[in-house]
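Residues per chain, in single letters:
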Amino acid sequence: MTDSERLRLFIAVTIPEDVKTKMGVAQAELRRTLPERIVRWARREQFHLTLRFLGDVEAARVEALGEAIRSACRGFGALHLRAERVGFFPNLRYPRVVWVGAQDQAQQLPRLQQAVELATEGFTSEAKEKAFTGHVTLARIKGIKRPEAEKLSAAAAGMADRLFGQWTAYQVELMRSELLPQGARHTSLASIALAGLPAELA
């Protein structure tokens with residue numbers, strides 16, 4: 001890696017494997033309702049809770065970026081997260097993204113997202129989120145027709161109250177996304193601890 005190389009980066013909270021498994025089950029159920037030609041399904045290893053997508057950042061600035069994220073995370077405790085219900089962006093009538101909702105008991109997540117967004121302003125030209133909704137993307141849809149949307153709606157109705165799991169997140173990750181022929185590959189470049197990190201992880 002050279003200093004002038006540009007890396008595609010995002011900041012996220014990772015998802016435990018048992019929660020990913022339950023999300024995968026829901027994804028498989030929804031998959032039966034839509035033709036493959038209009039959907040790009042996220043792979044299991046791509047399930048994560050994104051706080052900020054940064055886009056391309058010079059490799060030489062990654063260390064400074066990590067410090068900015070670390071500063072933003074100071075004062076935030078561990079996140080007690082809950083993944084539940086299936087939702088859609090922008091709406092169920094014309095769905096473009098299928099997701100599982102994620103939120104924390106203390107409502108720290110939106111404040112942490114805002115702090116991270118503010119701290120990384122100088123590292124990205126990507127637009128800010130208008131309204132943050134904690135979520136894990138299951139699929140992206142293109143060109144859906146009304147009958148297909150109705151089938152998806154019927155399948156999702158049974159998942160409105162589904163709980164996928166609860167866990168405690170003690171850190172956030174600075175992630176690299178490499179676009180490969182077989183799909184995006186995600187790797188962690190840095191782990192940033194939140195307050196309340198257990199001794200064995202500190």
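Not measured: the values here are computed from a predicted model.

A. Molecular detail of the sheet that holds strand β7 (residues 163-169). Pairing is antiparallel in the open sheet, where five strands are placed in the order β2-β6-β5-β4-β7. Of all strands in the sheet, those with a lone pairing partner are β2 (39-41) and β7, marking the two edges. On average, adjacent strands in this sheet sit at an angle of 25° to one another, irrespective of strand direction. In terms of strand pairing, strand β4 (residues 79-89) meets strand β5 (residues 97-104) through eight bridges, oriented antiparallel. Along β5, the bridge assignment pairs R82 with Q103. Across the sheet, helix α1 (residues 17-31) is in contact with β2, β4, β5, β6 (135-141) and β7; its angle to β7 comes to roughly 150°.

B. Broad picture of the nonpolar core. By size, the foremost hydrophobic cluster in this structure holds 55 residues, and its most contacted members are M23, V98 and L112. No other element matches helix α2 (residues 62-73), which puts six residues into this core. If we ignore the near neighbours within four places in the chain, the residues touching M23 are I15, F47, A83, V100, V136, L138 and F164.

C. The arrangement of the side chain of T120 in detail. Its location among the elements puts T120 in the loop between α3 (108-119) and β6. Under the relative-accessibility criterion, T120 is labelled buried at 0%. Looking at T120, its side chain comes within polar contact range of the main-chain oxygen of E117, at 3.4 Å. Leave out the neighbours within four places in its chain, and T120 touches I11, R52, L54, L65 and I69.

D. View of the pairing of β6. The buried count for β6 comes to six of seven residues, which makes it a mostly enclosed element. As paired elements, β5 and β6 share five bridges and run antiparallel to each other. In the strand pairing of β6, G101 is matched with H135.

E. Molecular detail of the sheet that holds strand β8 (residues 171-180). The strand order β3-β1-β8-β9 describes an open sheet built from four strands, whose pairing is antiparallel. Both edges of this open sheet fall to β3 (48-58) and β9 (183-193), since each of them pairs with a single strand only. Neighbour-to-neighbour, the strand axes of the sheet open up by a mean angle of 25°, direction not taken into account. Where strand β1 (residues 6-14) meets β3, nine bridges bridge the pair, whose relative direction is antiparallel. Each residue of the ladder has a partner; that of I11, found in β3, is R52. Taken strand by strand, α2 contacts β1, β3, β8 and β9, and its axis lies near 60° from that of β9. Along the sheet face, α3 touches β1, β3 and β8 and points at about 5° away from the line of β3.

F. Looking closely at the pairing of β1. Where β1 meets β8, four bridges bridge the pair, whose relative direction is antiparallel. Residue F10 lies in a different strand from β8, and its bridge partner there is M175.

G. Inspection of the packing of α2 against α3 at higher detail. For the pair α2 and α3, the least separation of the axes is 9 Å and the interaxial angle reads 145°. Judged by the sense of rotation from one axis to the other, the crossing of α2 with α3 is right-handed. Contacts between α2 and α3 pair A68, A72 and C73 from the former with L112, A115, V116 and A119 from the latter. Here the residues of the contact of α2 with α3 sort into seven nonpolar, no polar and no charged.

The rules we used
- Residues numbered from 1 in each chain as written.
- Predicted model: local features only at pLDDT ≥ 70, side-chain atom pairs only at ≥ 80, totals over all residues.
- Heavy atoms only, no water.
- Pairing = 2+ DSSP bridges.
- Helix = DSSP H or I, 4+ residues; strand = E, 2+ residues; numbered from the N terminus.
- Axes fitted to C-alpha atoms, helices over the stretch in contact; angles between N-to-C directions.
- Contact = heavy atoms within 4.5 Å.
- Core = buried A, V, L, I, M, F, W, Y, C linked by side-chain atoms within 4.5 Å.
- Buried < 20%, exposed > 50% of the residue type's maximum accessible area, 1.4 Å probe, protein only.
- Polar contact = N/O pair within 3.5 Å; in protein donor to acceptor, adjacent residues only side chain to side chain.
- Left-handed = near helix turned anticlockwise from the far one by under 90°.
- Nonpolar A, V, L, I, M, F, W, Y, C, P; charged D, E, K, R; others polar.

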